[in-house]
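Coordinates in review
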Amino acid sequence: MTTIADLKSYVEYRIVEEIELSQGSRSTVEDLIHEICDNAVPVMYSELAELITDSDFNDDIDDIECAGNNIFKIIQWGVYNQLTAHANEILDEKIEEWEESQEEDEDEEEEEE
């Protein structure tokens, strides 16, 4: 069973990976957040049905009109919103960690010289 926590873990993994690949470029990773989250949202109806039973599923969906009357589109919209909010929080946290590690590396290099 796929859970919201599983999806958030995947999103976090991809963001960390992209931060490393882009060498800490916030704008590059920000551009990819929606693609990462969109790819994480399940498309199989059975997986989506399982997600609404997950205690982490937030059924307080804004802009429900965007999803139309299809319950599975509404679930996808809700999952996508949760993942993008999580992704932005993780991005801030991981960029800060990456910048701190770069500063520490620079300090160590200066001490060696």
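Heads up: these notes are all about the structure in this document. (Residues numbered from 1 in each chain as written. Predicted model: local features only at pLDDT ≥ 70, side-chain atom pairs only at ≥ 80, totals over all residues. Heavy atoms only, no water.)

1. Here's the deal with the environment of L48
- Relative to the helices and strands, L48 resides in helix α3 (residues 45-51).
- By relative accessible area, L48 is classed as buried at 0%.
- For the pair formed by L48 and T3, sequence separation is 45 residues and the distance between their alpha carbons is 9.6 Å.
- Residues contacting L48, with those up to four places away along its chain left out, are P42, V43, F72, I75 and Q76. (Helix = DSSP H or I, 4+ residues; strand = E, 2+ residues; numbered from the N terminus. Buried < 20%, exposed > 50% of the residue type's maximum accessible area, 1.4 Å probe, protein only. Contact = heavy atoms within 4.5 Å.)

2. Some thoughts on the nonpolar core
- Judged by nonpolar contacts, the single largest core of 22 residues is most densely connected at V11, I15, C37, V79, L83 and L91.
- The set of elements that each furnish at least two residues to this core consists of α1 (4-21), α2 (26-40), α3 and α4 (71-112).
- The biggest single contributor to this core is α4, with 8 residues.
- Residues in contact with L83, not counting those within four places in the same chain, are L7, K8, V11, C37, A40 and V41. (Core = buried A, V, L, I, M, F, W, Y, C linked by side-chain atoms within 4.5 Å.)

3. As for α1
- Over its 18 residues, α1 runs 26 Å from end to end, which matches the ideal 26 Å to within 8%, given 1.5 Å per residue.
- Tucked inside the fold, the buried residues of α1 contact α2, α3 and α4.
- Positive backbone phi, at 55 degrees, marks Q23, one or two positions downstream of α1. (Expected span 1.5 Å × (residues − 1).)

Honestly, that's just the spatial picture; any functional story needs more than this.
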